[in-house]
Amino acid sequence: MVIEVHDPKLGKMLQPGINPRLSGTPGAVRSPAPALDQHRTEVLSETKASSPLPPVEEVEATLRSALDGVRVLDLCIILAGPTCGRTLAEFGADVVKIDDPNRSPIVRHNTVNRGKRSILLDLKKKEGRDLFWRLLEGADVVVQNNRKGRVDDLGLGYEEVRKRKPDIIYASMNAYGHLGPWAERPGHEQFAQATTGMQRRFGGDGQPQAQPHPINDYGTGLLGAYGVALALLHRKRTGEGQHVDGALAYTAMTLQSAIVQDYEGKVWDEPRGQDTLGSGPLHRAYKAADGWLFIGARKSDLVKLSGVAGLEGAEELKGENLERILEQWFLKDAVDLWVGRLNAAGIGAHRVVMGWRDVMDDPWVQSHGLSITRDHEGWGPITTTGPAPRMSRTPVQPGRVAPKPGSDAHEILAGMGMADKLDGLVETGVVRLDGIMAGGD
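Residues numbered from 1 in each chain as written. Predicted model: local features only at pLDDT ≥ 70, side-chain atom pairs only at ≥ 80, totals over all residues. Heavy atoms only, no water.

### Structural notes on the overall build of the protein chain
Argument step 1. The helix and strand tally for the protein chain stands at 17 helices and 17 strands.
Argument step 2. With the C-alpha coordinates of the protein chain rotated into their principal frame, the extents come out at 80 × 55 × 55 Å.
Argument step 3. Within the protein chain, buried positions represent 41% of all 441 residues.
Argument step 4. Counting contacts in the protein chain only where the partners sit at least 6 residues apart, residues at least 24 apart contribute 66% of the total.
Argument step 5. Element-wise, carbon and sulfur atoms account for 53% of the exposed surface of the protein chain, whose accessible area totals about 24,200 Å².
Argument step 6. Looking at the protein chain, you have 53 positive and 57 negative side-chain charges, and the mean spots of the two groups are 2 Å apart. (Helix = DSSP H or I, 4+ residues; strand = E, 2+ residues; numbered from the N terminus. Buried < 20%, exposed > 50% of the residue type's maximum accessible area, 1.4 Å probe, protein only. Contact = heavy atoms within 4.5 Å. Areas by Shrake-Rupley, 256 points an atom, 1.4 Å probe, with all protein chains shown as cover. Lys, Arg positive; Asp, Glu negative; His and termini not counted. Charge placed at Lys NZ, Arg CZ, Asp CG, Glu CD.)

Put into C-alpha cells, the structure is as follows:
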C-alpha cells in the first residue's frame, strides 16, 4: 500500500502504491515525478518519427459498446464487487449476477445490480458448482469479493478456475487485498477508513469519525473494472488471463494521494476535522444571506475579487483578516447573486448543495444522466445515480433496471441448453426463482 521512491529534491519519500494489482502484468512506479521540462528533448524527438493516426471518419465502428461480447460471472455481495460488475455492464458486458438463494435481502440490489441478469444459485451444493462450471465455459471474467480463502473453500478460487479456463480474467476485491498478513481478515468500508487514517482526517484531532459515504467501496469497484479492462486488453494481445487484486485499503490510499506523502521535513498541516470549510480564505465555503456558497480562487485573483460588486477592497486584505471580512460581506447578499457575480469575474463559485434531493432533482444532473428514475418490479419508481464516465464512440448505458432476484434463471439455463433442467434444479433447491428480497438501502 505504501512504496518508497527517491525524489531528486526531497530525497527518500513514501507515497501510495499501485492500485489495482494484476498478477500477469503488474503496474510499477517507474520513476519519481520528473523535474519540470526534464524530458523536452526526448519527447520532441519522438514527434519527428511518429506516423499520424488516421482520421476518425476512416476508422470503422465495429462495436456498439466498449465491452460488447464480454461475459462476466458476478459472485459479489454488498458494494465494491457488485459495483465492478455494474460498471462492466454499463460499458456493454453481459453480466450474469449469481446470488446465494439462502441470503436475503440482497443489499442495495436496485442500484448495484442494474444492467445485469440474475440467477439464484447455491454454490455450496455440487449441482450448483456444476452449473457454475458450465457458465464458465462461455465467460471471460469472474468477479468475487470475499476475503482470501473463502471461495477457495468452495473450490472456486482463481487457481481452480484457471485450470479449467486458462485465459480467464479473475477479479478479487476485499478489504485488505490478497497478499500479506491481513489478506484473510474480514473487513469493510469503515475498516479501510480506520486502517489508512481517513477516520482521523475526517474527525480531526479529537475523536476519529467515519465518513458517511462508502467512497472506498465504490472506488474499489471502479478501479476493479479498470483492472479488468487492462487485463482484457492484455489478453487480446497475448491470449493470457490473469488475476486482478483490488482492495478497499488500496483505494483509501489512492484517494489520499495528495496528502499521504512522507519525506524529511514534511509538515502534516492539511485541513481536517468537521469544522473545516476549506484550505484557506480564498478556497472555502462561506455563508450567504440564504445559504452557502463555495469559492475557489488564488492570491493572484484578489484584483478580480475586488472588482466584484460588494467585495471592493478585497485586494488590500490578507490572511485571517481577509477571511473574517469576506465572512461579513458574503452574508449581505443571496447565494445566486454572489455565484453570478463571481463567475462573471472569472472566479469559480457554486452553491453548496445541502440535501441529496436537491442534487437528484437538479435539471442539469438529470439531463446529464447522473440521476435516473425508473420503475422497479415490486418497488415502483426508484431514483438512482447514473454512470459517470462518458465515451463518444461507445457511449455508456445504465442498462435495464435491476431484475427481480432470480428472474433470469430460465434464460440463463436456456443459453446452456439446460432449460428442461430448471424444474428439477428448483425442486432440489440448487436454483431459486423467487422469495429473495431486493434490499432497498
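### Looking at the pattern of salt bridges
Two side chains of opposite charge can pair, provided their charged atoms sit close to one another.
Argument step 1. In total, this model carries 24 salt bridges according to the counting rule given.
Argument step 2. One salt bridge connects R71 with D94, and the closest N-O pair in it is separated by 3.0 Å. Remark: D94 occurs in strand β5 (residues 94–99) and R71 occurs in strand β4 (residues 71–74); sequence separation between them is 23 residues.
Argument step 3. D94 gets classed as partly exposed once you look at its relative accessible area, which sits at 23%.
Argument step 4. Between R272 and E270 there is a salt bridge; the shortest N-O distance is 3.3 Å.
Argument step 5. With a relative accessible area of 26%, R272 lands in the partly exposed category.
Argument step 6. Salt bridges linked by common partners bring R200, R201, D205, E270 and R272 together as one network. (Salt bridge = Lys/Arg side-chain N within 4 Å of Asp/Glu carboxyl O.)

### Concerning the environment of Q261
Argument step 1. As for its position among the elements, Q261 is in the loop between α10 (248–255) and β10 (262–263).
Argument step 2. For the pair Q261 and E4, spaced 257 residues apart in the sequence, the C-alpha separation amounts to 9.8 Å.
Argument step 3. Apart from the residues lying within four places of it in its own chain, the contact partners of Q261 are M13, L14, Q15, K266 and W268.

### Points about the pairing of strand β12 (residues 283–287)
Strand residues, when the strand is regular, have side chains that alternate between the two faces of the sheet.
Argument step 1. Both strand β11 (residues 278–280) and β12 contribute to a ladder of two bridges, which runs antiparallel. From the neighbouring strand, G280 faces β12, where its bridge partner is H283.
Argument step 2. Between the antiparallel neighbours β11 and β12 lie two residues.
Argument step 3. The pairing of β12 with strand β13 (residues 292–296) spans five bridges and is classified as antiparallel. Bridging across to β13, R284 finds its partner in I295. (Pairing = 2+ DSSP bridges.)

### Comments concerning the packing of aromatic side chains
Argument step 1. Counted according to the given criterion, the structure contains five aromatic pairs.
Argument step 2. Between the aromatic rings of Y176 and W182, the centroid separation amounts to 5.3 Å while the plane-to-plane angle is 70 degrees, which identifies the pairing as edge-to-face.
Argument step 3. Overall, W182 belongs to the partly exposed group, its relative accessible area being 34%.
Argument step 4. Ring centres of Y286 and F330 lie 4.9 Å apart, and the angle between their planes is 40 degrees; on these two criteria the pair is classed as tilted. Here F330 lies in helix α12 (residues 319–330) and Y286 lies in strand β12, a separation of 44 residues in the sequence. Comparing Y286 with F330, the two get one shared label, buried.
Argument step 5. Members of the aromatic cluster, joined through ring pairs, are Y286, F330 and W338.
Argument step 6. For the cation-ring pair, R164 lies above W133, with the distance from its terminal atom to the ring centre recorded as 3.9 Å. (Phe/Tyr/Trp six-rings, centres within 6.5 Å; stacked < 30°, edge-to-face > 60°. Lys NZ or Arg CZ within 6 Å of the ring centre and 35° of its normal.)

### Overview of the sheet that holds β10
Argument step 1. Reading across the sheet, the three strands line up as β1-β2-β10 and stay open at both edges, with antiparallel pairing between neighbours. The two strands at the open ends of the sheet, each matched to only one other strand, are β1 (2–7) and β10.

### Regarding unusual backbone geometry
Argument step 1. In this model, N19 is joined to P20 through a cis peptide bond whose omega is -5 degrees.
Argument step 2. Within the fold, P20 resides in the loop between β2 (11–16) and β3 (21–22).
Argument step 3. The amide bond that connects S104 to the next residue, P105, takes the cis arrangement and shows omega of 0 degrees.
Argument step 4. Turning to its location among the elements, P105 is positioned in the loop between β5 and α3 (109–112).
Argument step 5. With phi around 55 degrees, R108 is a residue other than glycine that occupies positive phi space.
Argument step 6. Within the secondary structure, R108 sits in the loop between β5 and α3.
Argument step 7. Residue classification places R108 among the partly exposed residues on the basis of a relative accessible area of 28%.

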